[in-house]
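Chain by chain, the residues:
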Amino acid sequence: MRPAAISAILDREYLSTEQGHHTPVMLWGPPGVGKSQLVSQVGDRHQIPVIDIRLSQMEPSDLRGIPFRSGERVEWAEPALLPHVDSHGERGILFLDEITSAPPSVSAAAYQLILDRRLGEYDVPEGWAIFAAGNRQGDRGVTYTMPAPLANRFTHFEVDTHLDDWVAWAYDNGIDERVIAFLRFRPERLFDFDPAHNPVAFPTPRSWEFAHRGLQKFGAMPDLLCDTLQACVGPAAGIELAAFVDNLDKLPDIDAILAGDNALVPSEIDLQYAVASALVARAVKARGSADEQQIYGRILDYAGKFPQREMGIMLVSDMHRAIGQDLFGVAEFAPWAEAVADVMLYDL
């Protein structure tokens, strides 16, 4: 399932705690596809705490607590890492990450916590949702088969990669537009993991964020940049990205486009992707500025110049995902939409 759909499901599951309809959710997927990030984004959107417990690093007593003598009986000290209203608040998310990497003794301790929302004398506060995530057995990670009693305590969703969803996230989080342009040009490189070969560095949504950081640190050091990018996303993808970046000196002047000059569209397809991504990035930066409408209009004018109208549609679709409904109020939008109505590929 694409990340945008799973994000909506997690939002709804969190909100359902208010009506008592919440069901614990298990997210499955290979490493680096953004499972943990999807959960943290729910916390950010709702401004609630997310308690991230890495079960692979736990002992059963870390969840159950430590026994102590109280008179003639033994009681259990509740672990401080579990959510408590007095210290964490009435609402939040308990996130059990790496659950498939937890030894059976630990996952067994989590059974009651997940389904019954209690563990011994401890109760999960009513306003707290329970989410979990883990890798599949074929992903070459340290994984255990999820026992049927534990699996039956979740609803299960598999996280897929989806370029449009990643691009929307990338613009929103300031990812270098050169990385975005490269992946628009080579979409199959967004996720390329073959567990049979057990690679060390390979392309994933997470490792492309590393490549973004590499460009910021080593972009002015061409003798180190290619090796750095290979270290982030693997040899093949790293070399391709380095060559793509090296070719961007032929890119049209973005400032000239935004000034309304008669800038030409490059004939090379890779440069068309690059200029489209650069213009969307500039649209994001212009949000809320005094010349916002003018910049949006100039970008729409340029989008209509692409010889392949699908390229202009991609540019405007990414721009819409990045800046929202304000795009429809720009005077240049209606003429552009009318010009491409017969080949419209996206629901704007």
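Keep in mind that what you see is a predicted model, and the values were worked out from it rather than measured.

Asks: Kindly report on the packing of helix α13 (residues 269–286) against helix α14 (residues 292–303), identifying the contributing residues and their values.
Replies: Following both chains from N to C, one finds α13 and α14 inclined at 165°, their axes separated by 9 Å at the closest point. Comparing the axis directions of α13 and α14 gives the class roughly antiparallel. Viewed along their axes, α13 and α14 form a crossing whose handedness is left-handed. Residues Val275, Leu279, Ala283 and Ala286 of α13 lie in contact with α14, whose contacting residues are Glu292, Ile295, Tyr296, Ile299 and Tyr302. Classifying every residue of the contact of α13 with α14 gives 8 nonpolar, no polar and 1 charged.

Asks: Report on the pattern of salt bridges, specifying residues and quantitative values.
Replies: The final tally for this structure, using the stated rule, is 19 salt bridges. With a closest N to O distance of 2.4 Å, aspartate 318 and arginine 184 form a salt bridge. With aspartate 318 in helix α15 (residues 309–323) and arginine 184 in helix α8 (residues 177–185), this residue pair connects regions lying 134 residues apart in the sequence. Assessed through its relative accessible area of 3%, aspartate 318 is described here as buried. The exposure class assigned to arginine 184 is buried, which follows from its relative accessible area of 7%. Through salt bridges with shared partners, a single network forms among Arg186, Glu188, Arg189, Asp192 and Glu240.

Asks: Can you break down the pairing of strand β8 (residues 127–134) residue by residue, with the values?
Replies: Of all 8 residues that make up β8, 8 are buried, and the element is covered over most of its length. Summarising the sheet, strand β1 (residues 25–28) and β8 pair through 4 bridges and their orientation is parallel. Bridge pairing in β8 places valine 25 opposite phenylalanine 131. Sheet topology places strand β5 (residues 91–97) next to β8; 6 bridges connect them, and they run parallel. Within the sheet, the bridge partner assigned to phenylalanine 95 lies in β8 and is phenylalanine 131.

Each value, and the rule that gives it
Residues numbered from 1 in each chain as written. Predicted model: local features only at pLDDT ≥ 70, side-chain atom pairs only at ≥ 80, totals over all residues. Heavy atoms only, no water. Axes fitted to C-alpha atoms, helices over the stretch in contact; angles between N-to-C directions. Helix = DSSP H or I, 4+ residues; strand = E, 2+ residues; numbered from the N terminus. Parallel < 35°, antiparallel > 145°, perpendicular 65-115°, else oblique. Left-handed = near helix turned anticlockwise from the far one by under 90°. Contact = heavy atoms within 4.5 Å. Nonpolar A, V, L, I, M, F, W, Y, C, P; charged D, E, K, R; others polar. Salt bridge = Lys/Arg side-chain N within 4 Å of Asp/Glu carboxyl O. Buried < 20%, exposed > 50% of the residue type's maximum accessible area, 1.4 Å probe, protein only. Pairing = 2+ DSSP bridges.

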